[in-house]
Amino acid sequence: MGSDQLELFENFHSIDSDTEVKTCIKCKKKKPIDSFRATRTECRTCENKLERERRYLREITPAPPDDYVCPICGKEEKDLLGRGGKNNGAWVNDHNHETGDFRGYLCHSCNRNIGGFGDSIKCLRRAIKYLEKNDKKHN
Ligand SMILES: [Zn+2]
Ligand SMILES: [Zn+2]
């Protein structure tokens, strides 16, 4: 969120001082706070939609084979089990957040990490350059 948007958001807040509102990051609609689950940044409607999409993607995507390794960190299922919380398997059904297209299976931490870069190839390339530059200094 840019600083302009943030300001706008705070203004909205002060205008609607009687009913607390929050802006959904998905549909960008301003909704009363009880339309959101406590820690969520998207409204319940969008959250449910996302969950339906995820479930659908799981159904249409065959599960990875037993000897599958994470294409990013190279870890195997046995290295990963339990990392994603009790009931989750080792793999995350990763999809493009813009188009909803299935991209592949990743481990939970790699999925979170590329999400942390906003799925931005540009940022990730810069991250590599940044690390390489610093690596050379130490060698
Ligand atoms: Zn929403
Ligand atoms: Zn991984």
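Predicted, not measured: the structure shown is a model, and the values here were computed from it. (Residues numbered from 1 in each chain as written. Chains lettered and ligands numbered in written order. Predicted model: local features only at pLDDT ≥ 70, side-chain atom pairs only at ≥ 80, totals over all residues. Heavy atoms only, no water.)

J.: Help me understand a positive patch on the surface, please; the structure alone is not making it clear to me.
T.: On the surface, a cluster of positive charge is contributed by Lys26, Lys28, Lys49, Arg52 and Arg55. If you trace the backbone, Arg55 turns up in helix H2 (residues 44-60). For Arg55, a relative accessible area of 43% puts it in the partly exposed group. (Patch = residues over 30% accessible without salt bridge, like charges linked within 9 Å, V, L, I, M, F, W, Y side chains within 5 Å. Areas by Shrake-Rupley, 256 points an atom, 1.4 Å probe, with all protein chains shown as cover. Salt bridge = Lys/Arg side-chain N within 4 Å of Asp/Glu carboxyl O. Lys, Arg positive; Asp, Glu negative; His and termini not counted. Charge placed at Lys NZ, Arg CZ, Asp CG, Glu CD. Helix = DSSP H or I, 4+ residues; strand = E, 2+ residues; numbered from the N terminus. Buried < 20%, exposed > 50% of the residue type's maximum accessible area, 1.4 Å probe, protein only.)

J.: It is not clear to me how the pairing of strand S4 (residues 102-107) should be interpreted in this structure. Could you clarify?
T.: Regular strands have side chains that alternate between both faces of the sheet. Here strand S3 (residues 91-95) pairs with S4 via five bridges, running antiparallel. Bridging across to S4, His95 finds its partner in Phe102. Following S3, the chain reverses through six residues before pairing antiparallel with S4; Gly100 in that reversal takes a positive phi of roughly 80 degrees. (Pairing = 2+ DSSP bridges.)

J.: Explanation requested: the coordination of the zinc ion (ligand 2) in the structure shown.
T.: Geometry sets the ideal angles at a metal, namely 109.5 degrees for four tetrahedral donors and 90 or 180 degrees for six octahedral donors. Looking at the zinc ion (ligand 2), one finds its protein donor set to be Cys70 (SG), Cys73 (SG), Cys107 (SG) and Cys110 (SG), positioned 2.3 Å from the metal centre. Seen from the zinc ion (ligand 2), its four donor atoms lie at angles of 102 to 118 degrees, and the figure they make is tetrahedral. Mapped onto the sequence, the donors of the zinc ion (ligand 2) take the spacing C-x2-C-x33-C-x2-C. By relative accessible area, which is 36% here, Cys73 ends up partly exposed. (Donors = N, O, S within 2.8 Å, 3.2 Å for Na, K, Ca; no water. Tetrahedral: all angles 85-135°; square planar, octahedral: opposite > 155°, others 65-115°.)

J.: What's the story with unusual backbone geometry in this structure? I'm lost.
T.: Negative phi characterises most residues that are not glycine, and trans characterises most peptide bonds. In this structure, Lys28 is a non-glycine residue whose phi angle is positive, near 60 degrees. Relative to the helices and strands, Lys28 is located in the loop between strand S1 (21-23) and strand S2 (30-32). Classification of Lys28 by relative accessible area gives exposed; the value is 60%. Positive phi outside glycine occurs at Asp119, with the angle close to 55 degrees.

J.: How should the coordination of the zinc ion (ligand 1) be read in this particular structure?
T.: Protein-derived coordination of the zinc ion (ligand 1) comes from Cys24 (SG), Cys27 (SG), Cys43 (SG) and Cys46 (SG), at a distance range of 2.3 Å. Given four donor atoms and angles of 101 to 123 degrees at the metal, the environment of the zinc ion (ligand 1) is assigned as tetrahedral. Read N to C, the donor residues that coordinate the zinc ion (ligand 1) are spaced as C-x2-C-x15-C-x2-C. With Cys27 in the loop between S1 and S2 and Cys43 in the loop between S2 and H2, this residue pair connects regions lying 16 residues apart in the sequence.

J.: Would you explain the pairing of S3 in this entry?
T.: Taking burial as the measure, the five residues of S3 include five buried ones, the bulk of the element. The alternating pattern of S3 places Trp91, Asn93 and His95 and Val92 and Asp94 on opposite faces, both of which are buried.

J.: Mind showing me how you'd approach H2 here?
T.: Residues spaced three or four apart along an α-helix point in a common direction, a consequence of the helix completing one turn every 3.6 residues. The end-to-end C-alpha separation of H2 is 24 Å, in line with the 24 Å expected for 17 residues at 1.5 Å each. Along H2, the residues classified as buried are Cys46, Glu47, Leu50 and Leu57. Buried positions in H2, seen along its axis, are confined to an arc of 100 degrees and lie on one side of it. Opposite its buried face, H2 presents the exposed residues Thr45, Arg52 and Glu59, each directed more than 90 degrees away. Contacts from the buried residues of H2 go to S3 and S4. (Expected span 1.5 Å × (residues − 1). Arc of directions from axis to C-beta. Contact = heavy atoms within 4.5 Å.)

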